[in-house]
Amino acid sequence: LVRTPQQVQVKRESIGKVIGRSGERIKEIQQVSGVTSTIDQRYDPCLVEIKGNPTSILAAIDLINASIEGRYASTLNRYSQSSLNQAALTDPYKEIDRNWLPARDEKGQV
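Keep in mind the model is a prediction, meaning the values are calculated, not measured.

(A) The arrangement of the overall build of the chain in detail. Counting secondary structure elements, the chain contains six helices and three strands. Considering the chain as a whole, with its 110 residues, one finds that 30% of them fall into the buried category. Once local pairs closer than 6 in sequence are excluded, the contacts in the chain between residues at least 24 apart make up 59%.

See below:
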């Protein structure tokens, strides 16, 4: 899977809905979707850069749009209860890395 960062533009007047009080909303979006993100507020519209696997990025973008449009709670609930939960959104590369074992010879040497 390609791990290409995606940028989402958010009007400055709406960026607070995405960030939330003390950053709680964006932290929750990252946790639920499995992405990492940075927000550049120097521009209008602000730039939100999202990194993760394609499924996670799509979920994060949906949650960002839901925040702006006032439907965050219902969208969050849908992700929490659907088959597209944290297990499905986990970065597949992390799973591969965790399960990777180096080849060993008959003496157990790597």
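(B) Geometry of the side chain of asparagine 53. By secondary structure assignment, the location of asparagine 53 is in the loop between strand 3 (46-51) and helix 3 (54-69). Among the polar contacts made by the side chain of asparagine 53, one reaches the main-chain amide nitrogen of serine 56 at a distance of 2.9 Å.

(C) Highlighting the nonpolar core. Val10, Ile15, Ile29, Val48, Ile50, Leu63 and Ile64 are the most contacted members of the largest nonpolar core, which totals 20 residues. For this core, the secondary-structure elements that each account for two or more residues are strand 1 (6-10), helix 1 (15-19), helix 2 (24-33), strand 3, helix 3 and helix 4 (72-81). Ranked by residues supplied to this core, first place goes to helix 3 with five residues. Ignoring any residue separated from it by four or fewer positions in sequence, one finds isoleucine 64 in contact with Val8, Val10, Val18, Ile29, Val48 and Ile50.

(D) Fine view of the side chain of serine 56. One can find serine 56 in helix 3. We classify serine 56 as buried; its relative accessible area is 0%. A polar atom in the side chain of serine 56 sits 2.9 Å from the backbone oxygen of serine 33.

(E) Just unusual backbone geometry, in detail. Along the chain, aspartate 44 connects to proline 45 via a cis peptide bond; the corresponding omega equals 10 degrees. Here proline 45 shows up in the loop between strand 2 (36-40) and strand 3. Of note, the phi angle at serine 22 is positive, near 55 degrees, even though the residue is not glycine. By secondary structure assignment, the location of serine 22 is in the loop between helix 1 and helix 2.

(F) Quick look at the packing of aromatic side chains. Inspection of the entire model under this criterion finds zero aromatic pairs. A cation over a ring is seen here: arginine 25 above tyrosine 72, with NZ or CZ 3.8 Å from the ring centre. The residue whose ring lies beneath arginine 78 is tyrosine 79, and the NZ or CZ to ring-centre distance is 5.1 Å.

(G) Broad picture of the pairing of strand 2. Taken together, the five bridges between strand 2 and strand 3 define a ladder with antiparallel strand orientation. Bridging from a neighbouring strand, serine 37 pairs with isoleucine 50 of strand 3. Between strand 2 and strand 3, which pair antiparallel and follow one another directly, the connecting turn spans five residues.

Each value, and the rule that gives it
- Residues numbered from 1 in each chain as written.
- Predicted model: local features only at pLDDT ≥ 70, side-chain atom pairs only at ≥ 80, totals over all residues.
- Heavy atoms only, no water.
- Helix = DSSP H or I, 4+ residues; strand = E, 2+ residues; numbered from the N terminus.
- Buried < 20%, exposed > 50% of the residue type's maximum accessible area, 1.4 Å probe, protein only.
- Contact = heavy atoms within 4.5 Å.
- Polar contact = N/O pair within 3.5 Å; in protein donor to acceptor, adjacent residues only side chain to side chain.
- Core = buried A, V, L, I, M, F, W, Y, C linked by side-chain atoms within 4.5 Å.
- Phe/Tyr/Trp six-rings, centres within 6.5 Å; stacked < 30°, edge-to-face > 60°.
- Lys NZ or Arg CZ within 6 Å of the ring centre and 35° of its normal.
- Pairing = 2+ DSSP bridges.

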